Every structure is written in C-alpha cells, then in structure tokens.
Amino acid sequence: MNFKLILIFSITFTVVSTSNIFAEEIPDYFNPYAPIYTDREVYTWTDKVHITVVAPSWNANRNGIDSIGTQERHFIRIYTGEHSLEPYKLTETEPSSGIFTGEVTLTGFLHDVDDDGNPDTNPRTTGGGPTNGLLEVERDGGLTISFEFADGVVLTTSAMISWNVGEIIFDRPVFLIGDTARIQVVDPDMNLNPEAVDRVKVEISSDSDTAGITVNAIETDDDSGLFDAEFFFTQTSVSSGNRLFAMPDDSIYAKYKDNTLPLPYSIQDDLDVQIESKLESEVMPIQRISIEDVFFTDSFGILTEPTIDKTSQIVGRVSNNQSYDQSFVYIIQVKDGSKSVVSLSWMHGELTSNQSLELSQSWTPTETDNYSIETFVWKSLNNRVPLSPNSVLSYIIEQ
Ligand SMILES: [Ca+2]
Ligand SMILES: [Ca+2]
Ligand SMILES: [Ca+2]
Ligand SMILES: [Ca+2]
C-alpha cells in the first residue's frame, strides 16, 4: 500500500462516521461526494489500474456488499480517446465501508518490443468489472474514469499513459574473477502481462569477447517491471549461456535495447541503454607473470659468455603465475655504459595456464663496455601495464 491509499482510508473514516450521523439511503444529489482515486497518476501501456471510489452514500445495504457503476443513469465509464468500458462495476470492500474498488488491465496497442517482427501485445477492450476489464490505450494518451453520481452530475478523474526510458544497473561497481554478476533492467513498459513474469534480453560483452552473450533477464515478480539476470566470468573457456569470457582488467558492457520510449521519441524509435563495469583480479597485474634474470647461450643452446663480435643469445624465462591464458609482450633492451640503448627487441606471446617459456634474442656486442640488460613484460605495446617486475642484469664485456 502506498501513502496515497493510507490517506484514502483516513478520509474514509471521517466520512463514514459523518454519514452515520446523517444517514442517507439515497445519494445526496445536491452534495455529490464520491472522489475517484487511481493508484498512480501515470501508467504504462500494459499496467493494471486499481480504482477506488469513496461513495458512502452508495452504501445502501449496511449489512451487505453493494456495487456501483452499473445502475441505469449511474454508470461508471472507463475510457480513452478511442476505447471505452461502460458500464463498469465496482464493488464495496466491506459490507459497510462505502468504498468501492475494481481493476482494469491496460492492453496497449500493437507493437513489436523485441525486434522479432511480431507484435508482443494483445490489445482488446472488454469486461464489465470489477476486475476483468481490459482496455486498449495509446502511448501518450490518458485514461479517464467517470461516475454519473446523479442526473447531470458526473464525477471524473484522469491518469496519464506514458512509456519510460529503461535503465540498467550492475549490482556492484567492479567485479572480481569468480563473482556471480547480477544485472537489473528497470523498464515498466516491459511488464507486458501484470499477471505473469515477463522477460527482456540483455547483451553482455567484454573487451576480450566483444560478441559476448545474450542473457534473459526475468521479471522479479508478476507485476514489478524489474528484470534480473545473473552471469559468470570465465578465463578458460568460450562464452556460452550465462558464461562470459573476460580477462582481468577488461571492461564489462551490458546493453538493453529499449523499444518503448516516451516523447519526444517516436513510437518506432529505439535506444541502446548501456552501462559499463570492470572485471578485476585480486592478483595485481604486476604479480601475474614472473621473469628471471637472463643468461647467455651460443647458437646450440650451450651456456656461454658474450664476447666482442660474437653473436650470442640472451635467454629469459617467463612464467605464467595464473590459471588462465595470458598474452604478453616481452621486451629486451640492452644499454651501454652511457645508458644509450644499443639493442631493443620485443616478442609477442601467449602463456597458457601456469606455463613457462624461454625466449631468446640474439646480441652481438661490438665494443667493450659495462652493459645493462633489462627485460620486462607488458600486456601489449599499446597497453603498457607491467605484468612482472623488471629484471636488470649488468654485464661487463672486456677485450
Ligand atoms: Ca454495503
Ligand atoms: Ca516481438
Ligand atoms: Ca509481468
Ligand atoms: Ca521503455
């Protein structure tokens, strides 16, 4: 119950006690009192409208449930510009409450909300109340309820109809590997059936899998207009079902295509509602790969010492400390005693889960000097996130 209904009951209490004093068996035509309430001021196209009319003078039988709306010349009419339910019966909530209620379910108009080429609504106008009413409505129209309280005295109340721009929410700002991620779409317009659970589609992708997955978000209850979905992250298998391939430090994207937009959008417009989050690892990037100090071999792989004008191999060992595949770029930089770079090379590679690799680069020193050989590992040349601490080895070459 919302605040508005609580308010109604307090008003009613006062009115009922007044009418006990001035007991009326027939409506007081000269003092029409029958406020009509709807449970909202704005509805979406397929909402259920709860109607309350406070009409103590229509409580003809204090020991029985009365009804209003269907007596000749005292009809209740529920209508839009195009469609109408009349007469419509509302029934008393209790034998002597003087409060009359009913429901009407809006049935929208023909419209395809999920781009499959077929309309997803079943617009129809039928029913005589108190709860079986179905009423077609337009996107931006209104809805009016009128009650002919007495001859020539018609009480009315109106509510608006509008679509809403959907929202999408992740349940946390960043995800960790191993988390179950939750996402919620808020779009009351997709509560197509207020008596059954509806669903919407959400596309989820990552930097490592831009095609990603499409998941069904399921309405949290029959009439909520809130749609929840869960998905998981994998670093070791392809995306499938509710499992998204994503690597640490990827951005995670979710997209809901809203085909039910309010003015100033047109009815045929659509809008991609998108959000972004991050997948993080509890392991810092710099701990994910380790490298060892380089050593030197000859062309046969036998350990050797570099000497002037002889080519040797600078060999480094790179190890994946994680249980998922990691691509990397391994950089070997040789500087002379004046810190000028005399050799620079890099290799792109990929390490499978917990794999170690030896990588080598040839080097032919041409002068005696005190060289330093630096090796480091980045995610890529474009994304220079270190995946390991640098290694620096000093090496003196003498004549
Ligand atoms: Ca009654
Ligand atoms: Ca459709
Ligand atoms: Ca529903
Ligand atoms: Ca919408």
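Residues numbered from 1 in each chain as written. Chains lettered and ligands numbered in written order. Predicted model: local features only at pLDDT ≥ 70, side-chain atom pairs only at ≥ 80, totals over all residues.

S.K.: Please clarify how the overall build of the chain should be interpreted in this entry.
M.R.: In terms of regular secondary structure, the chain is built from one helix and 28 strands. Computed over its C-alpha atoms, the radius of gyration of the chain comes to 36 Å, more than 25% above the 21 Å expected for a compact globule of 399 residues. Taking the principal axes of the C-alpha coordinates as reference, the chain spans close to 120 × 45 × 30 Å. Expressed as a percentage of the 399 residues in the chain, the buried residues total 30%. In the chain, of all internal contacts separated by at least 6 residues, the share reaching a separation of at least 24 is 63%. (Helix = DSSP H or I, 4+ residues; strand = E, 2+ residues; numbered from the N terminus. Rg over C-alpha atoms; globule rule 2.2 N^0.38 Å. Buried ≥ 20, exposed ≤ 12 C-beta atoms within 10 Å, placed from the backbone. Contact = placed C-beta atoms within 7 Å.)

S.K.: For this particular structure, what's the right way to read the pairing of strand β24 (residues 326–335)?
M.R.: Two faces, one strand: in a regular strand the side chains alternate between the faces of the sheet. Side chains Gln326, Phe328, Tyr330, Ile332 and Val334 of β24 all project onto a buried face; the interleaved residues Ser327, Val329, Ile331, Gln333 and Lys335 project onto a face where none is buried. When β24 meets strand β25 (residues 341–351), the two strands line up antiparallel, connected through 10 bridges. Residue pairing across strands places phenylalanine 328 opposite glycine 349, the latter belonging to β25. Counting the residues that bridge the hairpin from β24 to β25 gives five residues, and of these lysine 339 lies at a positive phi of roughly 70°. Sheet topology note: the β24/strand β27 (residues 369–378) ladder contains seven bridges and is antiparallel. The residue of β27 that forms the bridge with valine 334 is isoleucine 373. (Pairing = 2+ DSSP bridges.)

S.K.: When you look at the domain arrangement of the chain in this model, what are you seeing that I'm missing?
M.R.: It is common to report an interface's size as the accessible area lost on association of the parts. Here the domain parsing of the chain yields domain 1 (3–161), domain 2 (167–280) and domain 3 (285–397). Contact with domain 1, which involves 14 residues of that partner, is made by 12 residues of domain 2. (Domains from an automatic or database assignment.)

S.K.: Before we go on, may I ask you to explain the environment of arginine 317 in this structure?
M.R.: Its place among the elements puts arginine 317 in strand β23 (residues 312–320). The class of arginine 317 is partly exposed, set by 16 C-beta atoms lying within 10 Å. Between the C-alpha atom of arginine 317 and that of serine 360, which follows or precedes it by 43 residues, the distance is 8.8 Å. Setting aside chain neighbours within four positions, we find arginine 317 in contact with Ile291, Glu292, Ser356 and Glu358.

S.K.: I tried to follow the sheet that holds strand β11 (residues 153–161) on my own but got confused; where do I start?
M.R.: Across a sheet, strands are paired by hydrogen bonds formed along the backbone, either parallel or antiparallel in direction. Read from one edge of the open sheet, five strands run β2-β11-β10-β5-β6, paired in mixed fashion. Both outer strands of the open sheet, β2 (42–43) and β6 (84–85), are each paired with one neighbouring strand and no more. As paired strands, strand β5 (residues 76–79) and β6 are joined by two bridges and run antiparallel to one another. Its bridge partner being in β6, tyrosine 79 is matched across the sheet by serine 84.

S.K.: Is there a simple way to explain the sheet that holds β24 in this structure?
M.R.: Read from one edge to the other, the open sheet built from four strands follows the order β25-β24-β27-β28, with strand pairing classed as antiparallel. What marks the edges here is a single partner per strand, and that holds for β25 and β28 (391–397). Sheet twist, expressed as the mean angle between neighbouring strand axes with direction ignored, is 15°. (Axes fitted to C-alpha atoms, helices over the stretch in contact; angles between N-to-C directions.)

S.K.: Would you mind showing me how to read unusual backbone geometry here?
M.R.: Most peptide bonds are trans, and most residues other than glycine sit at a negative phi. A cis amide bond links glycine 129 with the next residue in sequence, proline 130, at an omega value of 0°. Inspection of the secondary structure assignment puts proline 130 in the loop between β8 (99–108) and β9 (133–136). Omega for the bond connecting leucine 263 with proline 264 falls within 30 degrees of zero, at 10°, which places this linkage in the cis form. Turning to its location among the elements, proline 264 is positioned in the loop between β19 (251–258) and β20 (271–280). The residue arginine 73 is not glycine, and still its phi comes out positive at about 70°. As for its placement among the helices and strands, arginine 73 is situated in the loop between β4 (67–68) and β5. Assessed through the 8 C-beta atoms surrounding it within 10 Å, arginine 73 is described here as exposed. A positive phi angle is found at aspartate 115, which is not glycine, with a value near 60°. Turning to its location among the elements, aspartate 115 is positioned in the loop between β8 and β9. For aspartate 115, a count of 10 C-beta atoms within 10 Å corresponds to the exposed category.

S.K.: Help me understand the environment of methionine 247, please; the structure alone is not making it clear to me.
M.R.: Tracing the sequence through the fold places methionine 247 in the loop between β18 (243–245) and β19. Judged by local crowding, methionine 247 falls into the buried class, with 21 C-beta atoms found within 10 Å. Between the alpha carbons of methionine 247 and glycine 212 there is a distance of 13 Å; along the sequence they are 35 residues apart. Look past the residues within four positions of methionine 247 in its chain and what remains in contact with it is Ser208 and Gln235.

S.K.: Where do I start with the environment of isoleucine 168 in this structure?
M.R.: The topology assignment puts isoleucine 168 in strand β12 (residues 167–170). Taking the number of C-beta atoms within 10 Å as the measure of exposure, isoleucine 168 has 21 and is therefore buried. Setting aside its immediate chain neighbours within four residues, isoleucine 168 contacts Ile183, Val185, Ala254, Tyr256, Val273 and Ile275.

S.K.: Honestly, the confidence of the model for the chain in this entry has me stumped. Any pointers?
M.R.: Note: predicted coordinates in regions of low pLDDT should not be interpreted at a detailed level. Averaged over every residue, the pLDDT of the chain is 91; the share at 70 or more is 92%. Below a pLDDT of 50 lies the segment residues 1–24, which in the model reaches 18 contacts outside its immediate sequence neighbourhood of four places, other chains included. (pLDDT = per-residue confidence, 0-100.)

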